[in-house]
Amino acid sequence: MGDYRGLNVRRDRGGCCPPMDLMRSEAMQLVRIIVPVESAHLTLSYLGDLGLFQFKDLNADKSPFQRTYANQIKRCGEMARKLRLFREQMAKAGIAHSEMAMTQTRIDFDEMEIKLGELEAELIEVNSNNEKLQRSYNELLEYMLVLKKAGEFFYSAQSSATAQHREIEARQIGDGSIDSPLLLEQEMLTDPSKQVKLGFVSGLVPKEKAMAFERILFRATRGNMYLRQAAVDDPVIDPISGEKIAKNVFVVFYSGERAKTKILKICEAFGANRYPFTDDIGKQMQMISEVSGKITELKTTIDLGMLHRDNILKNISYQFEQWNNLVRTEKAIYHTLNMLSLDVTKKCLVAEGWSPVFATSQIQDALQRATYDSNSQVGSIFQVLHTKESPPTYFQTNKFTSAFQEIVDAYGIAKYQEANPGVYTIITFPFLFAVMFGDWGHGMCLLLATLMLIFREKKLSSQKLGDIMEMMFGGRYVIMMMALFSIYTGLIYNEFFSVPFEMFGRSAYACRDPSCRDATTDGLVKVREAYPFGVDPKWHGSRTELPFLNSLKMKMSILLGVAQMNLGIILSYFNAKFFSNSLNTWYQFIPQLIFLNSLFGYLSLLIIVKWCTGSQADLYHVMIYMFLSPTDDLGENQLFPGQKTLQLVLLLLALISVPWMLFPKPILLRKQHNERHQGQSYTVIHNTEESLEIEEDHDSHDHEEFEFSEVFVHQLIHTIEFVLGAVSNTASYLRLWALSLAHSELSSVFYEKVLLLAWGFNNIAILIIGIVVFVCATIGVLLVMETLSAFLHALRLHWVEFQNKFYEGDGYKFAPFSFALLADEED
Amino acid sequence: MGLSMTTIIFVVVGVVASVLVRLCCNRGPSTNLFHLTLIITATVCCWMMWAIVYLAQLKPLLVPILSEGE
């Protein structure tokens, strides 16, 4: 098997730091595989099992019908359709298909196709037979109803009908001759041959149409009919529509042929089913027994038919999953085969695609196995290509890190091999969440909930969960980290469902004198050293609690924010080092660092100095007048000697760094482009991102036009964004204070105004109600709503304030051809 | 328990944690560096939080004034 490596795409990149898992995406290479046609299917099958190769579509310009394996895909589509039919039928019959009964016998694809076809035909036949039988059964049931019900009122109806008819006739005849009415009566009474013979129609009509039915019959026959109806108690299954409808049994008496045809047409129009009825009582009994017999017969036949169908479906259910998987993988293989281009000689297929460098031996192994298993004479060729195309981004994550990586990917997939913020997000995201959520009681509840999910991991991962549950289960490790950090910050804020505890030593404050007279006017005094861990418990509930905590939390937010933004800028340095981009290092990283730290780093320093010295300086005043009148004397706002000079120096540095960020980079870029353009490639070019060996084709550089104004505007936008962003991003971190305040206030309101209030009544019923309300409010508002809220804000801080210092995020994700991923996709 | 004492405690906890993690899951140099980074980040975050709250209470400008009915 010929395998020779071409030039490696990766070149020796910044040896500044040792490699770290997940920090940069895996090194990828563009690979060309040449496969003989006979082993193509097996090769793809093995590569699909491996799941580390992303195929490029080499036939992108062809329509789906022009591709080589279009027929195979059609076959697979047919089989998928049959399988869907089976699934529907099984769902209707209420048979669940057994999950993953993986009998490892490899089924032959063609055999399966034939079997599926047979099963489908059988199933369709059985279904249609069942339907026919069911219809006859329903008709017979209706007939039975007619026989029974009509029999009850038939004779009375008949006599009424006859009487009415005679009346009508008498009226018609009686208009003419006044002379001999008596005679006529006598005639009618005595002449049996003139006995009126009425015809009748019997059947069932839907109850809701019964009134309209009667009315139309009356109009059509000009009142020359007698209709009698009786309601049927239970709804009847209509043979034609198959639904249960409430119906009435009716008998219509008429005379004359014309009336008969009209009535028949009306019955048809109203969907009234007609059934024959005899006036002969003897025959009636016979009919009833005959129909009952037929009904029981049909019932047995139908039951047998259903049993047969259920058997078929059950047999299908044992193998359904396996067939489904096979069809799916075959379809995927043929789709992928369609992406390969057929060589001129038609003897082999050429595949191009991306794969990680570390997977090379695995892929070559798979190719070898496929050659061997398909008894092919010729082996496959594996060849690495070099290209200027940007490779896909691939991070190897495990079940713990994958959730965090998804959070980062949701904003933008990392560019190939740029620094991955996910590494730090694993810790800083739950940490910032916890700063906003700090309460160790709530943290413990969250931890319990997520531990339940984690302990039942295996069982839950194979089940199908609802949407929300799916998200929570997917993020179980994120929530666990969030809960752990929340417990820590809760201990620091000293809040357990808003109740403080004196756990870490004695509080620093005590009353001035033993009687504590001044406690509510002048307050306590600091008698000992500061409380060793966290917020002193005496603050809670005092009148100066909010001013103190607000000041503390706002300053904390600024300090944490400046720290995270500095981390972002430092990551941009590592990126510049890695891609050997010294322009970025000198003319972007350094001025940015100087600008941010001379302003907000200085503010952080002032905060710490003020805390350490206990000075009463007004920091707002200091910062604002540093800009407005830097040469003024500081007076009582002086925190340390030499402050004025330091402020002047820092202001100057900040002012210089703005043009430093703006001007040099575009100018130098233009200079470099001109050098390259003039073919003076002897000078080592610092700023190229491709290997020197690829510099062979100069022509391809010509189409990289250099538009100075564009580059300058781009740099201007970047500079303005950074400078203005420095202020706005720092202020944005104040949301850490805001949400933390909201959480602690809500928590203390629920505790004091619900639980303590209920406790105060000394009544057990009110106490129980109070506890229930407290629990519901805590779970609903604090544990669900506040969690989501803090989650969202921590996410925003990461996506915007942290990542805009260094992250480009315009890469594309590695999407390998993998059977495991197919299964997830379909679900 | 001053500032420096507790800071040393935090450092010690960080070192112990990284040693434990190295002992339990030693999976190659890049993975070890990754675990070390995570632990250092966590230690630094936790220490910063504690230090900020501690420093703010060293020489406070306010004292607790109890509310009526305590």
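Residues numbered from 1 in each chain as written. Chains lettered and ligands numbered in written order. Predicted model: local features only at pLDDT ≥ 70, side-chain atom pairs only at ≥ 80, totals over all residues. Heavy atoms only, no water.

The criterion, for reference: UniProt positions are given in the numbering used here, feature names are shortened, and annotations may be inferred rather than shown by experiment.
Looking at an unreviewed UniProt entry, one finds chain B named V-type proton ATPase subunit, with Ensete ventricosum as its source organism. Under the heading Sequence similarities (unreviewed entry), UniProt records this for chain B: "Belongs to the V-ATPase e1/e2 subunit family."

If you look chain A up in an unreviewed UniProt entry, it shows as V-type proton ATPase subunit a from Ensete ventricosum. According to the UniProt record, the Subcellular location (unreviewed entry) comment for chain A is "Membrane". Under the UniProt heading Function (unreviewed entry), the note attached to chain A is "Essential component of the vacuolar proton pump (V-ATPase), a multimeric enzyme that catalyzes the translocation of protons across the membranes. Required for assembly and activity of the V-ATPase."

### Some remarks on the overall build of chain B
Just so we agree on the cut-off: Only DSSP runs of H or I reaching four residues or more are called helices, and only runs of E reaching two or more are called strands; each is numbered from the N terminus. In this scheme, a residue with accessible area under 20% of its type's maximum is buried, one over 50% is exposed, and one in between is partly exposed, where area comes from a 1.4 Å probe on protein chains only. For every accessible area listed, the method is Shrake-Rupley and the probe measures 1.4 Å; residues are considered covered only by the protein chains on display.
Broken down by element type, chain B carries two helices and zero strands. Counting across all 70 residues of chain B, residues that qualify as buried make up 41%. Accessible surface computed for chain B: about 3800 Å², of which carbon and sulfur atoms make up 75%.

### Details of the sheet that holds strand β5 (residues 225-231) of chain A
All names here are of chain A. The cut-off we apply is this: By definition, two strands form a pair when at least two bridges between them are found by DSSP. Contacts are assigned to residue pairs with any non-hydrogen atoms lying within 4.5 Å of each other. Between N-to-C directions, angles cover 0 to 180 degrees, with each direction set by a line fitted to C-alpha atoms, over the stretch in contact for helices.
With antiparallel pairing, the four strands of this open sheet are ordered in space as β5-β8-β4-β9. Either end of the sheet is taken by a strand with one partner, and the two such strands are β5 and β9 (273-274). Alignment of β5 against strand β8 (residues 247-254), held across seven bridges, turns out to be antiparallel. Directly across from Arg-228, in β8, lies its bridge partner Val-251. In this fold helix α5 (residues 210-220) packs onto β4 (199-206), β5 and β8, with an angle of close to 170° to the strand it touches most, β5.

### Digging into the state of the cysteines
All names here are of chain A. Here is the rule: The disulfide definition used here is simple: a pair of cysteine sulfur atoms within 2.5 Å.
The final tally for this structure, using the stated rule, is one disulfide over all chains. Here Cys-511 engages in a disulfide with Cys-516; their sulfurs sit 1.8 Å apart. Between Cys-511 and Cys-516, the S-S dihedral sits near 100°, and the bridge is therefore right-handed. Relative accessible area serves as the criterion here: at 25%, Cys-511 is assigned to the partly exposed category. Residue class for Cys-516 comes out partly exposed when judged on its relative accessible area of 34%.

### Brief notes about the packing of aromatic side chains
All names here are of chain A. The line we're drawing: For Phe, Tyr and Trp, rings pair up if their centres lie within 6.5 Å, where Trp contributes its six-membered ring, and each pair is then called stacked (planes under 30 degrees apart), edge-to-face (over 60) or tilted (otherwise). In our convention, an over-ring charge means Lys NZ or Arg CZ found within 6 Å of a ring centre and within 35 degrees of that ring's normal.
Inspection of every chain in the model, using the stated rule, returns 36 aromatic pairs over all chains. For the ring pair Phe-802 and Phe-806, a centre distance of 5.3 Å and an interplane angle of 65° mean the geometry is edge-to-face. Summarising the burial analysis for this pair, Phe-802 and Phe-806 share the class buried. Taken together, the ring pairs connect Trp-440, Phe-496, Phe-497, Phe-501 and Phe-774 into an aromatic cluster. Here Arg-369 stacks its cationic end above the ring of Tyr-46, 4.4 Å away from the centre of that ring. Taking the ring centre of Phe-579 as reference, the NZ or CZ of Lys-415 above it sits at 5.2 Å.

### Some points on the confidence of the model for chain A
All names here are of chain A. Going by this rule: Scored from 0 to 100, pLDDT reflects the predictor's confidence in each residue.
Taken as a whole, chain A shows an average pLDDT of 86; of its residues, 90% reach a score of 70 or greater. Below pLDDT 50 for its whole length, residues 1-12 participates in 25 contacts with residues either more than four positions away or in separate chains. The model gives residues 186-194 a pLDDT under 50, and that stretch makes one contact with residues more than four places away or in other chains.

### Here's the deal with the pairing of strand β11 (residues 348-356) of chain A
All names here are of chain A. Of all nine residues that make up β11, nine are buried, and the element is covered over most of its length. Side chains Cys-348, Val-350, Glu-352, Trp-354 and Pro-356 of β11 all project onto a buried face; the interleaved residues Leu-349, Ala-351, Gly-353 and Ser-355 project onto the opposite face, where all are buried too. The sheet contact formed by strand β2 (residues 28-36) and β11 spans nine bridges and is antiparallel. Bridge pairing in β11 links Met-28 to Pro-356. With two bridges joining them, strand β3 (residues 54-55) and β11 adopt antiparallel strand pairing. Paired with Gln-54 across the bridge in β11 is Trp-354.

### Considerations on the UniProt feature "transmembrane region" (unreviewed entry) in chain A
Residue and element names in this part refer to chain A. The UniProt record annotates "transmembrane region" (unreviewed entry) at residues 431-455, 476-493, 556-574, 586-609, 645-663 and 764-785. End C-alpha atoms of residues 431-455 are separated by 23 Å, and the span's content is 92% helix alongside 0% strand. Secondary structure within residues 476-493 divides into 100% helix and 0% strand; the distance between the first and last C-alpha atoms comes to 25 Å.

### Points about the packing of helix α19 (residues 664-677) of chain A against helix α21 (residues 708-732) of chain A
All names here are of chain A. Heads up, the rule is: The labels follow the angle: roughly parallel below 35 degrees, roughly antiparallel above 145, roughly perpendicular from 65 to 115, and oblique for the rest. Crossings are assigned a handedness: left-handed for a near helix turned anticlockwise from the far helix by less than a right angle, right-handed for a clockwise turn. Here the nonpolar group is Ala, Val, Leu, Ile, Met, Phe, Trp, Tyr, Cys and Pro; Asp, Glu, Lys and Arg are the charged ones; every other residue, Gly included, is treated as polar.
The geometry of α19 relative to α21 is characterised by a closest axis approach of 9 Å and an angle of 150° between their N-to-C directions. Taken together, the axis directions place α19 and α21 in an arrangement best described as roughly antiparallel. Considering the relative orientation of α19 and α21, their crossing is right-handed. Between α19 and α21, the residues in contact are Lys-665, Pro-666, Ile-667, Leu-669 and Arg-670 and Phe-708, Val-711, Phe-712 and Gln-715, respectively. Considering only residue class, the contact of α19 with α21 consists of six nonpolar, one polar and two charged.

### A few points about the pattern of salt bridges
Residues and elements named next belong to chain A. Inclusion rule: One speaks of a salt bridge when a side-chain nitrogen belonging to Lys or Arg is within 4 Å of a carboxyl oxygen belonging to Asp or Glu.
One pass over the structure, following the stated rule, counts 17 salt bridges over all chains. Among the salt bridges present, the one from Lys-247 reaches Asp-238, with a minimum N-O distance of 2.9 Å. An identical accessibility class is assigned to Lys-247 and Asp-238; each is buried. A salt bridge links Lys-399 to Glu-457, with the shortest nitrogen-to-oxygen separation between them at 3.1 Å. Of the two residues, Lys-399 sits in the loop between β12 (381-385) and α9 (401-411) while Glu-457 sits in helix α12 (residues 457-462), which places them 58 residues apart along the sequence. Of the residues examined, Lys-399 reaches a relative accessible area of 48% and is grouped as partly exposed. Exposure remark for Glu-457: the relative accessible area of 12% places this residue in the buried category. Overlapping salt bridges, with partners in common, bring together Arg-75, Asp-110 and Glu-113 in one network.

### Observations regarding empty space enclosed by the protein
All names here are of chain A. Stated formally: The pocket and cavity definitions rest on a 1 Å grid over protein atoms only: a 1.4 Å probe that fits but cannot leave marks a cavity, an open set with protein on both sides within 12 Å along at least five of seven lines marks a pocket, and residues lining either have an atom within 4 Å of a point. Grid points are joined across faces, edges and corners, and a volume is the space filled by probe spheres set on the points.
In this structure the tally under the stated criterion is four cavities of 30 Å³ or more. Here the largest cavity defines a volume of roughly 100 Å³. Top element by residues in the lining of the largest cavity is helix α15 (residues 545-578). It accounts for three residues. Grouping the constituent residues of the lining of the largest cavity by class yields six nonpolar, two polar and four charged. Every element with two or more residues in the lining of the second largest cavity is listed here: α3 (109-174), β5 and β8. Counting residues per element, the lining of the second largest cavity draws most heavily on α3, which supplies four residues. Grouping the constituent residues of the lining of the second largest cavity by class yields seven nonpolar, four polar and no charged.

### Comments concerning the interface of chain B and chain A
Interfaces are often described in size by the accessible area the parts lose on coming together. Cut-off, in case you're wondering: Throughout, the accessible surface (probe 1.4 Å) given up by two parts as they are put together, summed over both, is called the buried area. Here a polar contact is taken to be a pair of N or O atoms separated by no more than 3.5 Å, where protein atoms must pair a possible hydrogen donor with a possible acceptor and residues adjacent in sequence count only if both atoms sit in side chains.
Contact with chain B, which involves 34 residues of that partner, is made by 56 residues of chain A. In this assembly, chain B packs against chain A so that about 4100 Å² is buried in total across both faces, 74% of it on carbon and sulfur atoms. Inspection of the region where chain B meets chain A yields zero salt bridges. The interface formed by chain B and chain A contains 13 residue pairs in polar contact (both at pLDDT 80 or more). A class-by-class count of the residues in the side of chain B that touches chain A yields 25 nonpolar, six polar and three charged.

### Description of a nonpolar patch on the surface
Note the threshold: Residues enter a patch when their relative accessible area is above 30% and they make no salt bridge; the linking distance is 9 Å between like charges and 5 Å between nonpolar side chains (Val, Leu, Ile, Met, Phe, Trp, Tyr).
Residues B:Ile8, B:Val11, B:Val12, B:Val15, B:Val16, B:Val19, B:Leu20 and B:Leu23 make up a contiguous nonpolar surface patch of about 740 Å² in total accessible area. Residue position: B:Ile8 is located in helix α1 (residues 3-24).

### Structural notes on the packing of α15(A) against helix α2 (residues 29-56) of chain B
For the pair α15(A) and α2(B), interaxial distance at closest approach is 10 Å and the crossing angle is 140°. In this view, α15(A) runs oblique relative to α2(B), as classed from their interaxial angle. For the pair α15(A) and α2(B), the crossing hand works out as right-handed. Across the interface between the two elements, A:Phe548, A:Leu552, A:Met556, A:Leu559, A:Leu560 and A:Ala563 from α15(A) touch B:Met48, B:Met49, B:Ile52, B:Val53 and B:Ala56 from α2(B).

### Brief notes about the UniProt feature "transmembrane region" (unreviewed entry) in chain B
Residue and element names in this part refer to chain B. Mapped onto this numbering, the UniProt entry gives "transmembrane region" (unreviewed entry) at residues 6-24 and 36-56. Between the first and last C-alpha atoms of residues 6-24 the distance is 27 Å; the span itself is 100% helix and 0% strand. The distance separating the terminal C-alpha atoms of residues 36-56 is 30 Å; by composition the span is 100% helix and 0% strand.

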